[in-house]
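Summary of the model geometry
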Amino acid sequence: MKNRLKVLRAERDWSQADLADRLAVSRQTVNALETGKYDPSLPLAFRIARLFAQPIEDIFQDDAVA
Amino acid sequence: MTLRRPNLLVLLAVSLVVGLATGAILGFGDASGMPVSVQTAILGISLILAVGYCSWAFARLDEAAREAHKSAWWWGASGGMVVAALFIPALLQGSDLGLGRIMGDQPGDLVIGGAFAVLLLQVAGYFVAWTAWWLRRR
């Protein structure tokens, strides 16, 4: 699954560690999310959406649709 | 609610200390004639501590770390069991390389030794699978 996490993080000038702290996950998890190699659970996806104040579908794009 | 993540080194150090202390107490206790009931109680307490601490640590892991552990247990430990199923019977047959030379050749020795060998292979498979899970997601 593709996502815009890295772009959204860069826009706010946050490091991966900063984002990890805000989401209460590890930096390794943020890296796995950004590279699209780990798909978040729905609760984590909602936390991400709330943090960036954007709908989930604006942050994550289903490969099958794209 | 934000949970404080456990330090992996602390987790390993505590597990190592509890395991070594229990092993030493039981080893010396056996030699000094400590009653089996006391040895069993000590082993039980250390296992409760280990399980309690692992539960505490697991509850504080984030979801990806939990997924890594679950995947490692399924693939790594199951793989370890398969390896054990393939090789332990073969090792039991050989005379020079047989497990009986290491563990003793009484039926009870072989049962305990075989179970421990399976556990070791499961743990080895677990670490391989856990490492592979994170390497694939770098």
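Presented here is a report on the structure given in the accompanying data block. Small disclaimer: the values here were computed from a predicted structure and weren't measured.

1. Quick notes on the side chain of Gln-39 of chain B
Mapped onto the secondary structure, Gln-39 of chain B falls in helix H2 (residues 36-59). Residues in contact with Gln-39 of chain B, not counting those within four places in the same chain, are Leu-26, Gly-29, Asp-30 and Met-34 of chain B.

2. Let's talk about the interface of chain A and chain B
Between chain A and chain B, the contact holds 15 residues from the first and 11 residues from the second. Together chain A and chain B conceal approximately 990 Å² of surface at their shared face, both sides included; 49% is due to carbon and sulfur atoms. Counting across the chain A and chain B interface gives six residue pairs in polar contact (both at pLDDT 80 or more). Tallied by class, residues from the side of chain A that touches chain B come to six nonpolar, six polar and three charged.

3. Some thoughts on the packing of helix H2 (residues 16-23) of chain A against helix H3 (residues 27-34) of chain A
Residue and element names in this part refer to chain A. Contact pair H2 / H3: the axes reach a minimum separation of 8 Å and the direction vectors enclose 105°. Between H2 and H3, the crossing angle belongs to the class labelled roughly perpendicular. Contacts from Gln-16, Ala-17, Leu-19 and Ala-20 in H2 reach Arg-27, Val-30, Asn-31 and Glu-34 in H3. Class assignment of the residues belonging to the contact of H2 with H3 gives a composition of four nonpolar, two polar and two charged.

4. Overview of the nonpolar core
Nonpolar side chains in soluble globular proteins generally cluster together in the buried interior. Ile-48, Phe-52 and Ile-59 of chain A are the most contacted members of the largest nonpolar core, which totals 24 residues. Contributions of two or more residues to this core are made by helix H1 (5-11), H2, H3, helix H4 (42-52) and helix H5 (56-59) of chain A together with helix H3 (63-93) and helix H5 (107-136) of chain B. Residues contacting Ile-59 of chain A, with those up to four places away along its chain left out, are Lys-2, Asn-3, Arg-4, Leu-5, Leu-8, Ile-48, Ala-49, Phe-52 and Gln-54 of chain A.

5. Topic: H3 of chain A
An α-helix turns once every 3.6 residues. As a result, residues three or four positions apart point the same way. Along H3 of chain A, the residues that are buried comprise Thr-29, Val-30, Ala-32, Leu-33 and Glu-34 of chain A. Gly-36 of chain A occupies a position one or two residues after H3 of chain A and carries a positive phi of about 75°.

6. A short note on the environment of Ala-77 of chain B
With respect to the helices, strands and loops of the structure, Ala-77 of chain B is situated in helix H3. Those residues in contact with Ala-77 of chain B that lie beyond four places of it in its chain are Ala-72, Gln-122, Gly-125 and Tyr-126 of chain B.

7. Observations concerning H4 of chain A
All names here are of chain A. Those residues of H4 not exposed but buried are Leu-44, Ala-45, Ile-48, Ala-49 and Phe-52. Summarising the axial view, the buried residues of H4 lie within an arc of 140°, below the 170-degree limit, and thus occupy one face. Residues of H4 that are exposed and angled more than 90 degrees away from the buried face: Leu-42, Pro-43 and Arg-50.

8. Regarding unusual backbone geometry
All names here are of chain A. The phi torsion at Asp-13 lies on the positive side, around 60°, for a residue other than glycine. Mapped onto the elements, Asp-13 comes out in the loop between H1 and H2. Positioned with a positive phi, Ala-53 is a non-glycine residue whose angle comes to about 55°. Here Ala-53 shows up in the loop between H4 and H5.

Calculation notes
- Residues numbered from 1 in each chain as written.
- Chains lettered and ligands numbered in written order.
- Predicted model: local features only at pLDDT ≥ 70, side-chain atom pairs only at ≥ 80, totals over all residues.
- Heavy atoms only, no water.
- Helix = DSSP H or I, 4+ residues; strand = E, 2+ residues; numbered from the N terminus.
- Contact = heavy atoms within 4.5 Å.
- Buried area = accessible area lost by both parts, 1.4 Å probe.
- Polar contact = N/O pair within 3.5 Å; in protein donor to acceptor, adjacent residues only side chain to side chain.
- Nonpolar A, V, L, I, M, F, W, Y, C, P; charged D, E, K, R; others polar.
- Axes fitted to C-alpha atoms, helices over the stretch in contact; angles between N-to-C directions.
- Parallel < 35°, antiparallel > 145°, perpendicular 65-115°, else oblique.
- Core = buried A, V, L, I, M, F, W, Y, C linked by side-chain atoms within 4.5 Å.
- Buried < 20%, exposed > 50% of the residue type's maximum accessible area, 1.4 Å probe, protein only.
- Arc of directions from axis to C-beta.

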